[in-house]
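Architecture and fold: a report
Residues per chain, in single letters:
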Amino acid sequence: MTTIRLTNSKTRKKEGFVPLDPSNVRMYVCGPTVYDRAHLGNARPVVVFDVLNRLLRHVYGAGHVTYVRNFTDVDDKINAEALRRQQAGSPGTLEDLIRERTEETIAWYHADMDALGALRPDHEPRATEWIGAMVAMTADLIAKGHAYAANGHVLFRVRSYQDYGKLSGRSVDDMIAGARVEVAPFKEDPMDFVLWKPSTDQEPGWDSPWGRGRPGWHIECSAMAQELLGDSFDIHGGGLDLQFPHHENEIAQSACAHPEGSFARYWLHNEMLQVEGKKMSKSLGNFFTVRDLLDQGIPGEVIRFVFLMTHYRSPMDWTAEKARQAEATLRKWRAATAGITATAPLPGVMEALADDLNTAGALAALHAAAGEGDWVRVKASGDLLGILTDDLGGWATAPQVDLSAQTRRFADLRTAAMASKDFSTVDALKAALIAAGVEVRMSKAGVELVPGPDFDPAKLEALK
Ligand SMILES: [Zn+2]
């Protein structure tokens, strides 16, 4: 059997992966807070851990892996949006509107991540469906002396857990100095974090021994992982930004509630995503969602391919140029592998993936095989990486047309129209292009014409 090696954040070493039970390899990955569309950075862990899930299934058997990824559907941003809708006159109770918002966001998330070829996890627990387990774990932590109730809140007593800070390699005192800790008069120590907090009438709440309230974010993952995977399981994953405090707090809660277990044995963290060399941010104007890219006509498979070009432990840079290269490569590979039935993947691809999920190395092996014309192996290895699959292929068979002449003509007419303030000619051309199934995208940068799903080459020809 292939030995998988993974860099364990807990030990800061690359280690041979030995599951507790090879007949049921268990992995938990922190999922999204469902208040809005997933941005491109949110999609990175989804693709990274999807590749790991596929690799584990390949090595241990598809029926021998349990992959859990949660939905955080208790959050102030969700409440705020529901409240905004209620104030804008939407019918229904606040609870109905919260449910409506989380339902639509989960549906978007599924559609967007499906488009990236990510297999759905085996379990996708929603926090609101496991409140009982969170209350029980919180009560247990109080009983064991690791938490205390104060002022309608329940707080975790950080100094009661000696190993706190081990994952991120920091001492509690260093963390106090560096972190934005919330100082509250009812806290025993500034580092203590919330397990339960009171809810106002305008916030969702559940009855508990500490009054009507809602769980803190960290306890959600500890409780759901415990319920679905047990007190010891194999892999816990998430973005590097979650290492502290979220994962540190998950460990503290789980280790103190279940000292007999080991919680997660291997911790994997993916590095962050940038756009054209800059941090993605709304203020820089380079903030976009997965849906934005899909709507621009960039196929989900191309986005996935760009992600795979960078090792998960390195920062990854999304660039338009990479997307262009990925699209050209995939178009070529798809044409060459059409009709081929997948068999065993290339040894080089397996080797690279087993070596700490080296997706860049796996793609290099694919390029080499493609260079030799070994399309059978390219196709089979693509399956393991979640590319060249039948589900994702629609885009590559869509007609490829050269619209450059029309684009130039349109741009010239538009420039002339802006000068003369007479837009009748450019409007007429736009209408004719749309009638031919061409999408016309205009921005400050210029004009872009893209063949849409109803593209009709004969109608375009008639325009010449
Ligand atoms: Zn989590």
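The text that follows walks through the structure, step by step, so that each part is easy to find. (Residues numbered from 1 in each chain as written. Predicted model: local features only at pLDDT ≥ 70, side-chain atom pairs only at ≥ 80, totals over all residues. Heavy atoms only, no water.)

**What about the overall build of the chain?**
A count of helices and strands for the chain gives 17 helices and 15 strands. Expressed as lengths along the three principal axes of its C-alpha atoms, the size of the chain is roughly 80 × 60 × 40 Å. Burial status across the chain gives 51% buried among its 464 residues. Sequence separation of at least 24 residues holds for 73% of the intrachain contacts in the chain that already meet a minimum separation of 6. Of the roughly 20900 Å² of accessible surface on the chain, 51% is carried by carbon and sulfur atoms. Side chains of the chain give 51 positive and 62 negative charges; the mean places of these two sets differ by 4 Å. (Helix = DSSP H or I, 4+ residues; strand = E, 2+ residues; numbered from the N terminus. Buried < 20%, exposed > 50% of the residue type's maximum accessible area, 1.4 Å probe, protein only. Contact = heavy atoms within 4.5 Å. Areas by Shrake-Rupley, 256 points an atom, 1.4 Å probe, with all protein chains shown as cover. Lys, Arg positive; Asp, Glu negative; His and termini not counted. Charge placed at Lys NZ, Arg CZ, Asp CG, Glu CD.)

**Here's the deal with the coordination of the zinc ion**
At the metal site, the zinc ion is ligated by Cys 30 (SG), Cys 221 (SG), His 246 (NE2) and Glu 250 (OE), and these contacts range over 2.1 to 2.2 Å. Considering all four donor atoms around the zinc ion, the spread of angles at the metal, 80 to 129°, places the coordination shape in the irregular class. For Cys 30, a relative accessible area of 11% corresponds to the buried category. (Donors = N, O, S within 2.8 Å, 3.2 Å for Na, K, Ca; no water. Tetrahedral: all angles 85-135°; square planar, octahedral: opposite > 155°, others 65-115°.)

**Let's talk about unusual backbone geometry**
Most peptide bonds take the trans configuration, and most residues that are not glycine carry a negative phi. Residue Pro 245 follows Phe 244 across a cis peptide bond; omega there is 0°. Counting through the fold element by element, Pro 245 comes out in helix H7 (residues 243-257). Within the chain, Asp 356 stands out as a residue other than glycine whose phi angle is a positive 55°. For Asp 356, the location among the structural elements is in the loop between helix H11 (347-354) and helix H12 (359-371).

**Structural notes on the nonpolar core**
Ranked by internal contacts, the top residues of the largest apolar core, which has 78 residues, are Leu 40, Leu 56, Trp 318 and Ile 387. Sorting elements by how many residues they give to this core places helix H1 (residues 40-60) first, with 12 residues. Discounting residues that sit within four places of it in the chain, Trp 318 has contacts with Leu 40, Gln 274, Val 275, Glu 276, Phe 288, Leu 293, Ile 298, Ile 303, Val 306, Phe 307 and Ala 323. In this structure, Val 158, Tyr 164, Leu 229 and Leu 242 belong to the second largest nonpolar core, which totals 41 residues. (Core = buried A, V, L, I, M, F, W, Y, C linked by side-chain atoms within 4.5 Å.)

**Some words on the sheet that holds strand S13 (residues 316-318)**
Taking strand neighbours across the sheet as the criterion, the three strands line up as S12-S11-S13 in an open arrangement whose pairing is mixed. Two strands in the sheet have a free side with no partner beyond their single neighbour: strand S12 (278-279) and S13. Sheet analysis places strand S11 (residues 273-275) next to S12, joined by two bridges and oriented antiparallel. Across the sheet, residue Val 275 finds its bridge partner in S12, namely Lys 278. In the packing of helix H9 (residues 300-308) onto the sheet, the strands contacted are S11 and S13, and the crossing angle to S13 comes to about 145°. (Pairing = 2+ DSSP bridges. Axes fitted to C-alpha atoms, helices over the stretch in contact; angles between N-to-C directions.)

**Focus: the pattern of salt bridges**
This structure, assessed with the given rule, holds 29 salt bridges. Across the salt bridge formed by Glu 439 and Arg 441, the nearest N and O atoms sit 2.8 Å from each other. Assessed through its relative accessible area of 32%, Glu 439 is described here as partly exposed. Overlapping salt bridges bring together Asp 36, Glu 81, Arg 84, Arg 85, Glu 100, Arg 101 and Glu 104 as one network. (Salt bridge = Lys/Arg side-chain N within 4 Å of Asp/Glu carboxyl O.)

**Quick notes on the sheet that holds strand S6 (residues 153-156)**
Overall, antiparallel pairing links the four strands, which are arranged S5-S6-S7-S8 in an open sheet. Each having just a single partner strand, strand S5 (147-150) and strand S8 (213-215) make up the two edges of the open sheet. The average undirected angle you get between the axes of adjacent strands in this sheet is 20°.

**Here's the deal with the pairing of S6**
Judged by which residues are buried, S6 turns out to be covered on both faces: His 153 and Leu 155 on one side and Val 154 and Phe 156 on the other are all buried. Sheet analysis places S5 next to S6, joined by four bridges and oriented antiparallel. Considered in S6, the bridge of Ala 147 is made with Phe 156. Where S5 hands over to S6, the hairpin turn is made up of two residues, of which Asn 151 adopts a positive phi near 60°. Two elements, S6 and strand S7 (residues 193-198), share three bridges in a ladder whose sense is antiparallel. Considered in S7, the bridge of Phe 156 is made with Phe 193.

**Comments concerning the packing of aromatic side chains**
Per the stated rule, a full pass over the model turns up eight aromatic pairs. Plain terms: the ring middles of Phe 71 and Tyr 109 are 5.7 Å apart, the flat faces sit at 80° to each other, and that makes the pair edge-to-face. Taken together, the residues Phe 71 in the loop between strand S4 (65-69) and helix H2 (76-87) and Tyr 109 in helix H3 (residues 94-115) connect sequence positions 38 residues apart. Neither Phe 71 nor Tyr 109 differs from the other in exposure class; each is buried. Between Phe 263 and Trp 267, the aromatic rings sit 6.0 Å apart at their centres with planes inclined by 55°, giving tilted as the arrangement. Taken together, the ring pairs connect Phe 17, Tyr 60 and Tyr 266 into an aromatic cluster. Of note, Arg 170 hangs over the ring of Phe 244, and the distance from its end group to the ring centre comes to 4.5 Å. Above the ring of Phe 287, the side-chain terminus of Lys 282 is found at 4.7 Å from the ring centroid. (Phe/Tyr/Trp six-rings, centres within 6.5 Å; stacked < 30°, edge-to-face > 60°. Lys NZ or Arg CZ within 6 Å of the ring centre and 35° of its normal.)

Purely spatial values, then, with no claim about function.
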